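A look at the structure
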Amino acid sequence: MTKHSSNPKGNVPPGRAHSGDLPAAPLAAGHTGNDLLALRAQLARAEKAARRAPTPSPARATRPAPVAPQREAELVGVLTDEFSLHRAHAKLRDAVYDSRYHLCPHAIGHARAEGFLEHDIMNVLLSGRVRAVYPADHRWLVCGRYEACGVSVPLNVVVQHHRDGSIDIVTAFVPKHPHHVISRARLAVMLRYDDQTIRAHTATPTARAGQRGRGRWKK
């Protein structure tokens, strides 16, 4: 006679589950724990490497060089702030692109004397930048470069703008100091021959060639 089990088939009492019926939760928890341990080890190694790395020295704040009082007096009435320069450059490019410009005889004379051409002036107006604004004279100083025989030469252009958006290219010249902003007084001296009524310049008479001047030669 066979002894029947008191529990029906398929009913497993609590706490006595078969090995094949184990839940997957303990395995997932163990896997997550291993990931956390690996992450902690990685963070610890990164912290050690950061502590061993040399700390960069703090950058020193560069102070602008002081401007001499004479230089400040020369630049009175000349705007060099970024807002004024950017606004002037935008107007300058619009005038050049719209062909609203006029090349004055003073610029042509400098071009013939110093060896640059009209397209060099136009390249400076497009690729150069405005370095100074003279609001009293409605003029801008544009600095750039042009190439001559494989050599890059600095070129400064002075333009005068009008209310209708057109500009006059007053003069262009090769500067002795390319990064030096010209004062208003110096610019006025350079442009003293802009008046077309002046046709000649009277020079002080000196001793002729082959003759001795007064007080210059002593025995």
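Further up the page is the structure itself.
Residues numbered from 1 in each chain as written. Predicted model: local features only at pLDDT ≥ 70, side-chain atom pairs only at ≥ 80, totals over all residues. Heavy atoms only, no water.

Position of serine 166 among the secondary structure elements: in the loop between strand 4 (151–161) and strand 5 (167–173). Given the relative accessible area of 17%, serine 166 is considered buried. Among the polar contacts made by the side chain of serine 166, one reaches the side chain of aspartate 164 at a distance of 2.8 Å. Sequence-distant contacts of serine 166, defined by excluding residues within four places in its chain, comprise Arg100, Gln160 and His161. (Helix = DSSP H or I, 4+ residues; strand = E, 2+ residues; numbered from the N terminus. Buried < 20%, exposed > 50% of the residue type's maximum accessible area, 1.4 Å probe, protein only. Polar contact = N/O pair within 3.5 Å; in protein donor to acceptor, adjacent residues only side chain to side chain. Contact = heavy atoms within 4.5 Å.)

On the secondary structure map, arginine 139 appears in strand 3 (residues 139–148). In this structure arginine 139 comes out as buried when scored by relative accessible area, which is 17%. At 3.4 Å, the side chain of arginine 139 and the side chain of glutamine 160 are in polar contact.

We now examine the sheet that holds strand 4. Sheet architecture is open: five strands sit in the order 1-5-4-3-2, paired in mixed fashion. At either end of the open sheet lies a strand with only one pairing partner, and these are strand 1 (101–103) and strand 2 (129–134). The sheet shows a mean angle of 30° between the axes of neighbouring strands, taken without regard to direction. One ladder, built from 10 bridges, connects strand 3 with strand 4; its direction is antiparallel. (Pairing = 2+ DSSP bridges. Axes fitted to C-alpha atoms, helices over the stretch in contact; angles between N-to-C directions.)

If you look at the biggest cluster of nonpolar residues, it comprises 25 residues, and the most contacted ones within it are Leu92, Leu125, Val157 and Ile169. Secondary-structure elements contributing two or more residues to this core are helix 3 (82–97), helix 4 (105–114), helix 5 (118–127), strand 2, strand 3, strand 4 and strand 5. Element by element, the count of residues in this core is highest for helix 3, at five residues. Apart from the residues lying within four places of it in its own chain, the contact partners of leucine 125 are His89, Leu92, Val96, Val142, Val157, Val159 and Ile169. With 13 residues, the next largest nonpolar core counts Ala132, Cys143, Leu187 and Met190 among its residues. (Core = buried A, V, L, I, M, F, W, Y, C linked by side-chain atoms within 4.5 Å.)

Both faces of the sheet carry side chains from a regular strand, because those side chains alternate between them. Most of strand 3 is tucked away: seven of the 10 residues are buried. Sheet topology places strand 2 next to strand 3; five bridges connect them, and they run antiparallel. In the strand pairing of strand 3, valine 133 is matched with tryptophan 140. Adjacent in sequence and paired antiparallel, strand 2 and strand 3 are bridged by four residues, among which histidine 138 carries a positive phi angle near 55°.

The antiparallel pairing of strand 3 with strand 4 creates a hairpin that spans two residues between the two strands, and cysteine 149 there sits at a positive phi of about 55°. In the sheet, strand 4 pairs with strand 5 via six bridges, with the strands oriented antiparallel. Bridged to valine 159 within strand 5 is isoleucine 169. Counting the residues between successive antiparallel strands, the hairpin from strand 4 to strand 5 contains five residues, one of them, glycine 165, with a positive phi of roughly 95°.

Time to look at the pattern of salt bridges. Under the criterion given, the structure shown has two salt bridges. A salt bridge links arginine 184 to aspartate 137; the shortest N-O distance between them is 3.1 Å. With a gap of 47 residues between them, arginine 184 in helix 6 (residues 184–190) and aspartate 137 in the loop between strand 2 and strand 3 connect regions that are remote in the sequence. Taking relative accessible area as the criterion, aspartate 137 reaches 24% and is therefore assigned partly exposed. (Salt bridge = Lys/Arg side-chain N within 4 Å of Asp/Glu carboxyl O.)

Glancing now at helix 3. End to end, helix 3 covers 22 Å across 16 residues, agreeing with the expected 22 Å (1.5 Å per residue, within 8%). Along helix 3, the positions that sit buried rather than exposed are Ser84, Leu85, Ala88, His89, Leu92, Ala95 and Val96. For helix 3, the buried positions fall inside an angular range of 125° around the axis, keeping them on one side. Seen from the buried face of helix 3, the exposed residues on the opposite side, beyond 90 degrees, are Glu82, Phe83, His86 and Tyr97. Check the buried side of helix 3 and you find it contacts strand 1, helix 5, strand 2, strand 3, strand 4 and strand 5. (Expected span 1.5 Å × (residues − 1). Arc of directions from axis to C-beta.)

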